[in-house]
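Here are the chains, one letter per residue:
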Amino acid sequence: MRITDRGLYCEAGDFYIDPWQPVDRAVITHAHGDHARWGSRHYLASRESRLVLRTRLGEDASIESLEYGEAALLNGVRVSLHPAGHILGSAQIRVELGGEVWVASGDYKTDSDPTCSPFEIVRCHTFVTESTFGLPIYRWRPQHDVFAEIREWWSANAEAGRASIIYAYALGKAQRVLAGLCDAAIGPIYTHGAVERLTRDYREAGIALPLTQHASEMPRGHDFGGSLVIAPPSAAGSTWLRRFGAASPAFASGWMQIRGARRRRGVDRGFVLSDHVDWPALLATIEATGAEHVWVTHGFREPVVRWLLERGIDALSVASHWEGDDEIESTVAGEEVVA
Ligand SMILES: [Zn+2]
Ligand SMILES: [Zn+2]
């Protein structure tokens, strides 16, 4: 495998993994915009990702899918997909030829998440890992505590007659927040159109989520006081927010762990909730793969490479265009206007 100007390429199999330029055959780790881009001729992805990938790539895209663990031969190269625990359908791509095994992780987390299949360790010779939160300062608190904080915040707002608005990425984070509040008596819950559409895909894929209503479908003058609203970060500061009247905004993201992040986003609360591994989980996962060679991609590549080299693991920092699904909201065509 090698990095070309189109992306991570397997020459023997003649396919790319999450290419950033259109190619003939793309194998896709997950449906976030920086990993699943438009314009390739054929896509191969996990069956679990089918619906969200279709929503992201559009009706015309040619998408084939594999169950997790099922293998396909691409020009004699054995390719299989294994759960990455990041969002619905996210997969690590295992590539095997002549007894040599590579695994490209895409984005991943090892924490439990009811909205997708749990991460699996896949043994390999070379592991291509992300490093989004690859710094020792990133250590996630138990998510149970974070969801308890969200419930308390909502409850205080509801008592004061305010709406609670959580900004969360429309694909993945929004549904994880919803699932985390499944057992709580929170509601009614309203959504932005971008969130609602993908939430429907999740339900159709069999993920249990609390009842939501598309906020834009409510009649004019509707009272949103005491409700919970889930919106993509792109909705912040937009006129779409006016309908909610007095409201408390919050942001759910791993980046909320950084001092000042909450203030910079202009929100009342920052809930540290990430769909990526934190520093300890990243290193533990890399070690568990048994890989002799590690390619470190998007994120804090240098600190991770240094840590691995010091432990005698051959590590390489690899530049890619997989950046920012947790920083920049990737959008479906038109979703900004179709609030
Ligand atoms: Zn992602
Ligand atoms: Zn990524």
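Refer to the structure printed above.
Notes on the structure follow. For clarity, every value in this text was computed on a predicted model and none was experimentally measured. (Residues numbered from 1 in each chain as written. Chains lettered and ligands numbered in written order. Predicted model: local features only at pLDDT ≥ 70, side-chain atom pairs only at ≥ 80, totals over all residues. Heavy atoms only, no water.)

1. Side note on the sheet that holds strand β13 (residues 189-191)
Here's step 1: If you walk across this open sheet you meet the six strands as β14-β13-β15-β12-β16-β17, and the pairing is parallel. A single partner strand is all that each edge strand has here, and the edge strands are β14 (213-214) and β17 (269-271).
Here's step 2: Inspection of the sheet shows β13 paired to β14 by two bridges, in the parallel sense. Of the residues in β14, the one forming a bridge with threonine 191 is histidine 214. (Pairing = 2+ DSSP bridges. Helix = DSSP H or I, 4+ residues; strand = E, 2+ residues; numbered from the N terminus.)

2. A short note on the coordination of the zinc ion (ligand 2)
Here's step 1: On the protein side, the zinc ion (ligand 2) has His35 (NE2), Asp107 (OD), Asp107 (OD) and His298 (NE2) as donor atoms, found 2.2 to 2.4 Å from it.
Here's step 2: Coordination geometry of the zinc ion (ligand 2): the four donor atoms subtend angles of 58 to 131 degrees at the metal centre, consistent with an arrangement described as irregular.
Here's step 3: Binding-site remark: the zinc ion (ligand 2) is held by donors from one chain whose sequence spacing is H-x71-D-x190-H. (Donors = N, O, S within 2.8 Å, 3.2 Å for Na, K, Ca; no water. Tetrahedral: all angles 85-135°; square planar, octahedral: opposite > 155°, others 65-115°.)

3. Remarks on the environment of valine 195
Here's step 1: Residue position: valine 195 is located in helix α4 (residues 193-204).
Here's step 2: Judged by its relative accessible area of 0%, valine 195 falls in the buried class.
Here's step 3: In this structure the C-alpha to C-alpha distance between valine 195 and tryptophan 255, which are 60 residues apart in sequence, comes to 20 Å.
Here's step 4: For valine 195, the residues in contact, after removing those within four places along its chain, are Ala170, Ala174, Gln175, Ile230, Ala231 and Pro232. (Buried < 20%, exposed > 50% of the residue type's maximum accessible area, 1.4 Å probe, protein only. Contact = heavy atoms within 4.5 Å.)

Read these as geometric descriptors, not functional statements.
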